[in-house]
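Coordinate inspection notes
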Amino acid sequence: MNDKMICSDNQKKGYKTKCKDLIMSYIEAHKNERFSASDISEYITGMDISTNITTIYRNLDKLTAEGRLLKTKNPVNDCCFYQYAGEDKLCDGHLHMQCKVCGKVIHLNDRYMAEVYSYLKKETGFRLDFKASILMGICKDCRILPI
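A short tour of the structure in this document, coming up. (Residues numbered from 1 in each chain as written. Predicted model: local features only at pLDDT ≥ 70, side-chain atom pairs only at ≥ 80, totals over all residues. Heavy atoms only, no water.)

Digging into the sheet that holds strand S6 (residues 105–108)
Read from one edge to the other, the open sheet built from three strands follows the order S6-S5-S7, with strand pairing classed as mixed. Lying at the two open borders of the sheet, with one neighbouring strand each, are S6 and strand S7 (135–137). Ignoring which end each strand starts from, the neighbouring axes of this sheet average 25° apart. (Pairing = 2+ DSSP bridges. Helix = DSSP H or I, 4+ residues; strand = E, 2+ residues; numbered from the N terminus. Axes fitted to C-alpha atoms, helices over the stretch in contact; angles between N-to-C directions.)

Have a look at this one:
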């Protein structure tokens, strides 16, 4: 007989809540990092709890739709990664930068965003989708400085 606890949408309501609580616990501990559904699965499995990856994806999709997570694709292998969207839970008013090396997402939330948006709208007629915006580059932690 298997003594592992099961965390699945197909189980009793308590298990579903437990799974969501575990996912939220992981997100809280990794607010400034990007992570994958696989990372969360490993975390839950490491607690000796069995989970279905579909349950994790379903919860991540729901949190993304609520604006609590930012979903991006890794430019190297096209896998989906997630990152906490910030205390305001909205990414409507700012752009994002993503490191091509480590995948970290940085929220550009400052006074210049209004100027950038105004310029683009006026000069090109282009209306930005801030939630989906990603400027690609290399972050300061991954950049190798010449000696």
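Notes on the packing of aromatic side chains
Taken as a whole and judged by the stated rule, the model has three aromatic pairs. Pairing Phe35 with Tyr82 gives two aromatic rings, centres 6.4 Å apart and planes at 25°, and the pair type is stacked. Linking Phe35 in the loop between helix H1 (13–29) and helix H2 (37–46) with Tyr82 in strand S4 (residues 80–84), this pair joins segments that are 47 residues apart in sequence. Given the relative accessible area of 1%, Tyr82 is considered buried. Counting every residue linked through ring pairs, the aromatic cluster contains Tyr26, Phe35, Tyr43 and Tyr82. Lying over the aromatic face of Phe81, Arg34 brings its terminal NZ or CZ to 3.7 Å of the ring centre. (Phe/Tyr/Trp six-rings, centres within 6.5 Å; stacked < 30°, edge-to-face > 60°. Buried < 20%, exposed > 50% of the residue type's maximum accessible area, 1.4 Å probe, protein only. Lys NZ or Arg CZ within 6 Å of the ring centre and 35° of its normal.)

Digging into the pattern of salt bridges
Tallied over the entire structure, the rule returns three salt bridges. Glu28 is paired through a salt bridge with Lys31; the nearest N and O atoms lie 3.3 Å apart. Classification of Lys31 as partly exposed rests on a relative accessible area of 25%. The partner of Asp61 in a salt bridge is Lys71, and the shortest N-O contact between them spans 3.8 Å. You can see Asp61 sitting in helix H3 (residues 53–65) and its partner Lys71 sitting in strand S3 (residues 69–73), a full ten residues away along the chain. A relative accessible area of 39% places Lys71 in the partly exposed class. (Salt bridge = Lys/Arg side-chain N within 4 Å of Asp/Glu carboxyl O.)

Regarding the pairing of S6
Across four bridges, the pairing between strand S5 (residues 95–99) and S6 is antiparallel. Bridge assignment links Leu95 to a residue of S6, and that residue is Leu108. The turn joining S5 and S6, which pair antiparallel and follow one another in sequence, is formed by five residues; a positive phi near 85° is taken by Gly103.

Focus: the packing of H2 against H3
Look at H2 against H3: their axes get within 10 Å of each other, and the N-to-C directions meet at 125°. Taken together, H2 and H3 sit at an angle that is classed as oblique. The way H2 lies across H3 gives a crossing that is right-handed. The residues of H3 that touch H2, namely those facing Ala37, Ser38, Ile40, Ser41 and Ile44, are Ile53, Ile56, Tyr57 and Leu60. (Parallel < 35°, antiparallel > 145°, perpendicular 65-115°, else oblique. Left-handed = near helix turned anticlockwise from the far one by under 90°. Contact = heavy atoms within 4.5 Å.)

Quick notes on H3
Taking 1.5 Å per residue, 13 residues should reach 18 Å; H3 reaches 18 Å between its end C-alpha atoms and fits that length. Of all the positions in H3, only Thr55, Ile56, Asn59, Leu60 and Leu63 are classed as buried. Buried residues of H3 fall within an arc of 130° about the axis and therefore sit on the same side. Put simply, Asn52 is the residue that caps the front of H3, since its side-chain oxygen is 2.8 Å from the backbone nitrogen of Thr54. Looking one or two residues beyond H3, the residue adopting positive phi is Gly67, at roughly 85°. (Expected span 1.5 Å × (residues − 1). Arc of directions from axis to C-beta. Polar contact = N/O pair within 3.5 Å; in protein donor to acceptor, adjacent residues only side chain to side chain.)

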